[in-house]
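Residue-level listing of the chains:
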Amino acid sequence: MTDIKQALSWARERLKDACERPQFEAELLLAYHLDRERTYLLLHPDGVVPDKEGFEALIERRAAHQPYEYIVGEASFYDIHLHVEPGVLIPRPETELLIDKTVEIIKREGITQIAEIGVGSGAVSVVLARKFPNLKIIATDICEAPLKVAAVNIDRYGVGEQVTLRRCNLIDDVSEDIELVVSNPPYIADDCALEANVADHEPKEALFGGRVGDELLKRIITDVKARGIRWLACEMGYDQKAPIEAFVNEVGVQSVRFYKDLAGHDRGFVVDFGIEGK
Ligand SMILES: C[S@@+](CC[C@H](N)C(=O)[O-])C[C@H]1O[C@@H](n2cnc3c(N)ncnc32)[C@H](O)[C@@H]1O
């Protein structure tokens, strides 16, 4: 029979090469296994751990670098908890800034219809739909797995009337009158070396943007301008400001503003293409 103290000690040891905070992750996974809060473990060190093999299997998955969020099937993002599974990107905290930038424009301009390119888990579209109950969003993705997961999250938060999912490349099949496009597209260079928990487990289609990395971002800029859509808000890589700035100036825009993440790295931009004819 294994008690909580023994289980944690074994798990911490097993995880020490796989993650930065082995004690913390061991506690999180044991709390998940027991369907209890983490504090329960601290208050009941002698409590029995049922289904020891089941717990060990969870720890072995993490020891093999599988992301914690895939193991428990959940990720916290902004003010919601999203279902996630392999095949869909785990939403990142920096993408919360993309939402804040988009919210500013939607509010200021009174926007009611937008598109999201690359919906993934639905993180961006679900948060925006919850913030603006009158907002309509067409959310696209090129892959089937994210669209299925996004549908689960849209249903979980009851925003199905507002968010329409569509499988297509970029906004190719979006014929609606769109005022703004938001996107956190794949923007990593194909040959970039990533940590094992990302490279071996998260979908390549969500990470890699081409040989240089910014190819898809540039396609989005060109497509949005060609469609006569005024606003574009995108996340980008920390080293992509110079090429994107040069590109938007070449394409011709009314203004472009770059923003930084909380670590002080360049992280995204908002383009105003201006109103046609002005
Ligand atoms: C970095 S993930 C972003 C997911 C989610 N929006 C988020 O912020 O967590 C990029 C998403 O874009 C999708 N994608 C990649 N290429 C695409 C394309 N050409 N058109 C539409 N979606 C694409 C991927 O399948 C993936 O779900």
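The sections below set out a description of the structure shown in this document. (Residues numbered from 1 in each chain as written. Predicted model: local features only at pLDDT ≥ 70, side-chain atom pairs only at ≥ 80, totals over all residues. Heavy atoms only, no water.)

**As for the environment of Ala-115**
Here is step 1: In this structure, Ala-115 sits in strand E3 (residues 113-117).
Here is step 2: Given the relative accessible area of 0%, Ala-115 is considered buried.
Here is step 3: Spatially, the C-alpha atoms of Ala-115 and Lys-136 are 8.3 Å apart, while their sequence positions differ by 21 residues.
Here is step 4: Excluding residues within four positions of it along the chain, Ala-115 makes contact with Ile-138, Ile-171, Ile-178, Leu-180, Val-181 and Val-182. (Helix = DSSP H or I, 4+ residues; strand = E, 2+ residues; numbered from the N terminus. Buried < 20%, exposed > 50% of the residue type's maximum accessible area, 1.4 Å probe, protein only. Contact = heavy atoms within 4.5 Å.)

**So, the site of the ligand**
Here is step 1: Among the 19 residues in the neighbourhood of the ligand, the closest are listed as Gly-118, Asp-141, Asn-169, Leu-170 and Asn-184.
Here is step 2: With respect to the ligand, the side chain of Asp-141 contributes an N or O atom lying 2.6 Å from an oxygen atom.
Here is step 3: Contact distances for the ligand include 2.8 Å between a nitrogen atom and a side-chain N or O atom of Asn-169.
Here is step 4: Considered on its own, the ligand offers 590 Å² of accessible surface; in the complex 95% of this is hidden by protein.
Here is step 5: Residues that form the shell around the ligand fall into these classes: eleven nonpolar, five polar and three charged. (Near = heavy atom within 4 Å. Polar contact = N/O pair within 3.5 Å; in protein donor to acceptor, adjacent residues only side chain to side chain. Areas by Shrake-Rupley, 256 points an atom, 1.4 Å probe, with all protein chains shown as cover. Nonpolar A, V, L, I, M, F, W, Y, C, P; charged D, E, K, R; others polar.)

**Description of the sheet that holds strand E9 (residues 231-235)**
Here is step 1: Here seven strands make up an open sheet; going across it, the order is E5-E4-E3-E6-E9-E11-E10 and the pairing mixed. Lying at the two open borders of the sheet, with one neighbouring strand each, are strand E5 (163-167) and strand E10 (255-260). Strand-to-strand, the axes of this sheet are offset by a mean angle of 15°, without reference to chain direction.
Here is step 2: Note: strand E6 (residues 180-183) against E9, four bridges, orientation parallel. (Pairing = 2+ DSSP bridges. Axes fitted to C-alpha atoms, helices over the stretch in contact; angles between N-to-C directions.)

**Some thoughts on the pairing of strand E2 (residues 80-83)**
Here is step 1: Bridge count between strand E1 (residues 74-77) and E2: four bridges; the pairing is antiparallel. Paired with Phe-77 across the bridge in E2 is Ile-80.
Here is step 2: Following E1, the chain reverses through two residues before pairing antiparallel with E2; Tyr-78 in that reversal takes a positive phi of roughly 50°.

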